[in-house]
Structure formats: C-alpha cells, structure tokens
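# Reading the structure
So you can see what is in the structure, the chains are spelled out below.
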Amino acid sequence: MATLTASKRLVVKIGSALLVDRETGALRRNWLKSLAEDVARIKARGTDVVLVSSGSIALGRGVLGLPRGELALEQSQAAASVGQIRLAQAYEEVLAPHGITTGQVLVTLEDSANRRRYLNSRATLETLLGLGVVPIVNENDTIATDEIRYGDNDRLAAQVSVTVGADTLVLLSDVDGFYSGNPNIDSAAQRFDVIEKITPEIEAMAGDGVSGLSKGGMITKLMAAKVATEAGCAMAITLGSPLNPLDQLENGANATWFTAQTDPKAARKHWIAAMKPKGEVVVDAGAEGALAQGKSLLPAGVTKITGSFGRGDPVAIRSANAAQLGIGLSRYTATEARQIMGRRSADIEALLGYKGRAALVHRDDMVL
C-alpha cells in the first residue's frame, strides 16, 4: 500500500471548510500552522510538495460581507479577488518560518485542456519545485466561467498531480475515507482501507458531500481517484480537520488509499506514444546516438522538418534513413523549428528574438 513516507512528489488538496470557519468566515490559522509543520517535515526528507488550496472565495466573502449560499458569478469572482490575496499571504506567513518559499499558481480548465498551456503550466511547476518552492495552486476564480472551470478542487488536484508527475495525492476531506454509503445517514456504511480498482460497484456507492463550504462530494473524489491512479499516482482520502493532518495520516489515521495502476513516468510515456504525429523531425547520426543514451533532442542534431505543428504538438522523430526512432512533444512550432534546426542552442535567442528552451524535444516528453 502507498504511504506518505515513500512519496517523492506529493500533492495535497485543502478544502474551504478546513481553512475557513463556517460561522465567522475567518481563517483557521492554528490549523494552517499545523499543516505548515507537516509540510516542512515532509520536505525535509526530500519530498516535493504542491498544495492545491480552496478558500479564496470563502475568505473574500467574509471580508466583503456577502451572504451565505450561492453567489452570482460576479460576486464569486469579486470575493475570489479579495480572498486570493489573503490566502496567499496566509500560506506565506505560516511556511516562511520553516525556511520555505511559496509561489502562487492560478489555473483554469483550459490550462490542462490546451496542450500549449499544459506544457507552460508543467514547466512552471517543475521549475518552482526544482527551486525548492511549495506552489500554492488554485482555480483562477477571478476570471473562470463555467465553460473553463474545473468546478471543484478534487479534480483540479488530480490534474495537478498528473501535470507534475506526482506519485501521491492526499485529499484532506470532511470524512475519513470512502464508505460503502453515506456514514452520516447510514449506520451500516463501512469504510474501505484500500481500493485496488474503481469498479462500477464502487462508483455506485459514491454519494454527495455534506459540507456547507465545500463543493466537492464523494463523486468528485472518485473522479479524482480515477484520473490520478490511471496516471500512476496513489490517492488517499482522510479527515483533514485535526491539527497536523498529514502527520496523523502517516501515523495510522483512518483513510482510504486508492492504488496507482502504473507509475507516473510510464503513464506519461503511454500517453505520448498514443498520439498521432502532426509532423516529422529528421535527425543526424550524432543526435540518434544521443537519444539512445537518454538525452534530449537539441536543434543542432536536426536536419529536416516536415509538417505543420504547434508548440506542444506530437512529432515523429526519424533517423537519416527514415526509420522512426520515436515520438515526442515539440517545444517549438514548425516554423520556429525550421529556423533553429542545425544550430546550437546558444543561437536560439538571436534566431528567434527570444531566449527559448535549449531542447527541441525534451527527453521527458519523448518515447523511443
């Protein structure tokens, strides 16, 4: 069974009901401090941590004196605008004493649906994690409309897990796991310790959430589990309200663990391999040898570009004798690729007018 101690890259989802007091609308600062203690301890052993946090609308609602219940879109976006500043500041204040730098990342559904935006998001998050930063991710409620919304942070957290190649996702919830029925109304409902596979029978057991501030019910958590586990990320649902909730989970608190169906790298490679190429990149013998050693494809080793493709689109990689070596996601458009092929990475800025990236296809975005 997956555990937090074995995790190399962890995503934690925090709901509004955990961060904001339902009665007063104030931030639960002591709880947030305890979460920061958990994050600092986990990071100290070399684990990357990403926090997917709700709370901006709930915090902003209190500041603006908006009523409880459903808000109009414009009211929600105004509340998010006011609350987002306070939310980011709160995370910075509790993590800074542990020597941890935070970064705010606001996303919409389009950022994962659009391949170019997806690659931009992935590159940004990878860079932040590489610098030791804890990204605080939230849906960009100040601009998102229904057409470009995730609608709940359970699925957003699962998508973030896929984007960063996390091996563990923890949903801090208002229940201590996945039950065979709603435990609040069904005394016979039983909690699952481990779910190896999400079957139609498991799906039929999912019910709605009961929290007054949270939008995500058990159905959205199950949907998140599907996305995460298929991408090689184990997922846990556990009670988030106690102090130090991640420490509690590590020390045996009730939870349901969903088993990963593969590993993150294999899942990503499978996803890339299934794509239909929109162009071809022909490489010389030197580049072919470098690829065989697990290196990225640099512009200097490219001799020919065919097709019309955009940044993030799949391209076939071929040898000088036309044998297909693999497939990868291009970091440049076809037009840009033609401009820089055969040239050193150091020349890219002069050729394109901006610094760009050293690789035409990065090894993490390639299947041979």
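To keep things clear, this report deals only with the structure shown in the data block.

Let us now look at the pairing of strand β2 (residues 48-53). By the criterion of burial, β2 is predominantly enclosed, with six of the six residues buried. Residues Asp48, Val50 and Val52 point to one face of β2 and Val49, Leu51 and Ser53 to the other, with burial holding for every one of them. When strand β1 (residues 9-14) meets β2, the two strands line up parallel, connected through six bridges. For Ile14, the partnering residue across the bridge sits in β2 and is Ser53. Relative to strand β4 (residues 134-139), β2 runs parallel, the two being bridged by two bridges.

Quick look at the nonpolar core now. Ranked by internal contacts, the top residues of the largest apolar core, which has 34 residues, are Ile14, Leu51 and Leu172. When residues in this core are grouped by element, the largest group, seven residues, is from helix α2 (residues 29-44). One finds Leu156, Ile195, Ile202 and Phe258 within the second-largest nonpolar core, a separate group that totals 33 residues.

Next up on the list: helix α12 (residues 285-292). Along α12, the positions that sit buried rather than exposed are Ala287, Ala290 and Leu291. Axial view of α12: buried residues confined to an arc of 100°, hence all on one face. α12 presents Ala285 and Ala292 as exposed residues on the side facing more than 90 degrees away from its buried surface. If you follow the buried residues of α12, they end up packed against β9 (279-283), β11 (314-318), β12 (324-329) and β13 (366-367).

To continue, consider the side chain of Ser173. Inspection of the secondary structure assignment puts Ser173 in strand β5 (residues 168-173). For Ser173, the side chain forms a polar contact with the side chain of Asp174, separated by 3.2 Å. When near neighbours in sequence (up to four residues on either side) are disregarded, Ser173 contacts Leu18, Lys221, Ile237, Thr238, Leu239, Gly240 and Ser241.

Moving on to the packing of aromatic side chains. To describe a pair of aromatic rings, one takes the distance between the centres and the angle between the planes. Under the defined criterion, the tally for this structure stands at three aromatic pairs. Summarising the aromatic geometry, the rings of Tyr118 and Trp271 are spaced 5.7 Å apart at their centres and angled 70° between planes, so their arrangement reads as edge-to-face. Here Trp271 lies in helix α11 (residues 264-273) and Tyr118 lies in helix α6 (residues 115-130), a separation of 153 residues in the sequence. Look at Tyr118 and you get buried, because its relative accessible area is 6%. Assessed through its relative accessible area of 36%, Trp271 is described here as partly exposed. Geometrically, the ring pair formed by Phe178 and Phe192 is tilted, given 6.0 Å between the ring centres and 45° between the ring planes. Here Phe192 lies in the loop between β5 and β6 (194-195) and Phe178 lies in the loop between β5 and β6, a separation of 14 residues in the sequence. The class for Phe178 is buried, based on a relative accessible area of 0%.

Turning next to the packing of α2 against helix α4 (residues 73-95). Packing of α2 against α4 leaves a shortest axis separation of 9 Å and a crossing angle of 55°. By the angle between their directions, the pair α2 and α4 is classed as oblique. Where α2 crosses over α4, the two elements pack in a sense that is right-handed. Counting all contacts with α2, which are made through Arg29, Leu32, Lys33, Ala36 and Val39, the residues of α4 involved are Ala90, Tyr91, Glu93, Val94 and Leu95. Grouping the constituent residues of the contact of α2 with α4 by class yields seven nonpolar, no polar and three charged.

We now examine the sheet that holds strand β7 (residues 234-239). Sheet architecture is open: eight strands sit in the order β3-β4-β2-β1-β5-β7-β8-β6, paired in mixed fashion. Two strands lie at the open edges of the sheet, namely β3 (102-107) and β6, each paired on one side alone. Helix α7 (residues 153-164) contacts β1, β2, β3, β4 and β5 of the sheet and is inclined by roughly 165° relative to β1. This element, helix α9 (residues 218-230), spans β5, β7 and β8 (255-258) of the sheet and lies at about 155° to β7.

On to the pattern of salt bridges. Side chains that differ in sign of charge can pair as their charged atoms come close. Counted according to the given criterion, the structure contains 18 salt bridges. For Lys226, the salt bridge goes to Glu203, with nearest N and O atoms at 2.3 Å. Placement of the pair is Lys226 in helix α9 and Glu203 in helix α8 (residues 200-205), with a sequence separation of 23 residues. Relative accessible area serves as the criterion here: at 33%, Glu203 is assigned to the partly exposed category. With a shortest N-O distance of 2.2 Å, Arg268 and Asp365 are connected by a salt bridge. Taken together, the positions of Arg268 in helix α11 and Asp365 in the loop between α14 (348-352) and β13 put the pair 97 residues apart, joining distant regions of the chain.

Each value, and the rule that gives it
- Sequence order sets the numbering: in each chain, residues are counted from 1 along the sequence as written.
- Only residues with pLDDT of 70 or above have their local features reported here, since the model is predicted, and side-chain atom pairs are shown and tallied only from 80 upward, although totals for entire chains, interfaces and linings are computed over all residues.
- Processing note: side-chain calculations cover all non-hydrogen atoms of the structure and skip hydrogens and water entirely.
- Accessible area is worked out with a 1.4 Å probe on protein chains only. A residue is then buried under 20% of its type maximum, exposed over 50%, and partly exposed in between.
- Helix and strand definitions follow DSSP, with helices as H or I runs of at least four residues and strands as E runs of at least two, each counted in order from the N terminus.
- Pairing between two strands requires that DSSP report at least two bridges joining them.
- Take the buried Ala, Val, Leu, Ile, Met, Phe, Trp, Tyr and Cys residues and link them wherever side-chain atoms come within 4.5 Å; each set so joined is a nonpolar core.
- Directions from the helix axis toward the C-beta atoms define the arc.
- Contacts are residue-level and defined by heavy atoms, with any inter-residue pair within 4.5 Å sufficient.
- For this analysis, a polar contact is any N or O atom pair within 3.5 Å, provided that within protein one partner can donate a hydrogen and the other can accept it, and provided that sequence-adjacent residues contribute only side-chain to side-chain pairs.
- Aromatic pairing here means that ring centres of Phe, Tyr or Trp (its six-membered ring) are within 6.5 Å. Orientation follows from the plane angle: under 30 degrees is stacked, over 60 is edge-to-face, and everything else is tilted.
- Each axis is a line fitted through C-alpha atoms, taken for helices only over the stretch in contact, and angles between the N-to-C directions span 0 to 180 degrees.
- Oblique is the label for any angle not under 35 degrees, not over 145, and not in the 65 to 115 range, which are roughly parallel, roughly antiparallel and roughly perpendicular in turn.
- Left-handed is the label given to a crossing in which the near helix is rotated counterclockwise from the far helix by less than a right angle, and right-handed is the label when the rotation is clockwise.
- Throughout, the ten residues Ala, Val, Leu, Ile, Met, Phe, Trp, Tyr, Cys and Pro are labelled nonpolar, Asp, Glu, Lys and Arg are labelled charged, and all others, Gly among them, are labelled polar.
- Whenever a carboxyl oxygen of Asp or Glu lies within 4 Å of a side-chain nitrogen of Lys or Arg, that contact is scored as a salt bridge.

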